[in-house]
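# Descriptive analysis of the structure
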Amino acid sequence: MGQTLARWFDSDIGYSFRTSPVAIVAAAIAFICAFCSAFAGWVAPHDPFDLTTLVLSDARLPPAWHPDGSSKYLLGTDDQGRDILSALMYGSRISLVVGLASVFFSMLIGVALGLLAGFKGGWIDGLLMRLCDVMLSFPAILVALLIAGVGRAMFPDAHNTVAFGVLIVALTLTGWVQYARTVRGSTLVERNKEYVQAARVTGVAPLRIMVRHVLPNVTGPVLVLATIHVATAIITEATLSFLGVGVPPTSPSLGTLIRVGNDYLFSGEWWITIFPGAMLVLIALSVNLLGDWLRDALNPRLQ
């Protein structure tokens, strides 16, 4: 593990990362957010979703530095007395899990279909690209709203796991198109190169050529797109939760926390919605900056 990390730091990408202060700061912020979210059960000072620990008399307390605040709650409490800082850690975990899972499945479907369309061509390529055109003709948020709404109507009393699955499917079906079109364009270039022609002449199966020869040469744009798409998926999930069709209220994500705090924004309890909104912006911005750095680092023209 140590040797692998050392080789990475000595590589061109490692050098680009070391010499980019923006990438270092963005990676540090993203790591801290991911760490606190993944280990919220140990890092968070309170369990905001344990009803036995909630004290209604502590509801809507301002942050600790406010004259009326309490040192027990660093960022204050919400309308139910839940610690805002702890709620951010638990809510970020839900947003990150849904975002990362949807990006993974979108990438899996999009890369497979893009490879098939670009390598085979013909009617398969035409059919898949027309399907992509149809998907792109509708705003992604509307398609996600439709799928999430239908899923909630079909499973009104569903368990949280089913609700998360419906949300991940909704984000996946709106995100695979970008990967398919990107991989298809790169595959159209790679399939006519000499190493692919040589593999065909030697009798290598088409599936093996796509997986072993073409796929490694089209992963660069896919990794950049996936990095940027993580931030988009997290924001889309937060939007759906804000509109009430995302994750269930019993397991609120950042979007749900923003929606709850929005009801108290003009009554003076600004911290209930400002801190979840700032957390969402911080995560999305750090991931986007990492995606921009990775795009430049993998661009041979900028080397």
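For the structure itself, look to the data block above.
A brief look at the structure comes next. (Residues numbered from 1 in each chain as written. Predicted model: local features only at pLDDT ≥ 70, side-chain atom pairs only at ≥ 80, totals over all residues. Heavy atoms only, no water.)

On to unusual backbone geometry. Phi angles above zero are rare outside glycine, and arginine 60 is one such case at about 60°. Relative to the assigned elements, arginine 60 resides in the loop between helix H4 (40-43) and helix H5 (84-120). A relative accessible area of 35% places arginine 60 in the partly exposed class. (Helix = DSSP H or I, 4+ residues; strand = E, 2+ residues; numbered from the N terminus. Buried < 20%, exposed > 50% of the residue type's maximum accessible area, 1.4 Å probe, protein only.)

Core analysis: the biggest nonpolar cluster contains 36 residues, and Leu88, Val214, Leu254 and Ile283 have the highest contact counts within it. In contact with leucine 254, other than residues within four places in its own chain, are Leu88, Gly91, Ser92, Ser95, Pro276, Met279, Leu280 and Ile283. Counting eleven residues, the second largest nonpolar core, distinct from the first, contains Ala144, Ile168, Ala170 and Leu171. (Core = buried A, V, L, I, M, F, W, Y, C linked by side-chain atoms within 4.5 Å. Contact = heavy atoms within 4.5 Å.)

Take the side chain of threonine 256 next. Inspection of the secondary structure puts threonine 256 in helix H12 (residues 254-262). With residues up to four places along the chain from it excluded, the contact list for threonine 256 reads Ser241, Phe242 and Val247.

This next bit is on the side chain of threonine 174. Position of threonine 174 among the secondary structure elements: in helix H8 (residues 160-190). Looking at threonine 174, its side chain comes within polar contact range of the main-chain oxygen of alanine 170, at 3.3 Å. Apart from residues no more than four positions distant in its own chain, threonine 174 is found in contact with Ala140, Val143 and Ala144. (Polar contact = N/O pair within 3.5 Å; in protein donor to acceptor, adjacent residues only side chain to side chain.)

This part covers the pattern of salt bridges. Under the definition given, this model contains eight salt bridges. A salt bridge links arginine 82 to aspartate 78, with the nearest nitrogen and oxygen atoms 2.7 Å apart. Each of the two residues, arginine 82 as well as aspartate 78, counts as buried. For aspartate 292, the salt bridge goes to arginine 295, with nearest N and O atoms at 3.8 Å. Separated by three residues within a single helix, aspartate 292 and arginine 295 lie in helix H13 (residues 271-297), roughly one turn from each other. Residues joined in a network through salt bridges with shared partners are Arg130, Asp133 and Arg181. (Salt bridge = Lys/Arg side-chain N within 4 Å of Asp/Glu carboxyl O.)

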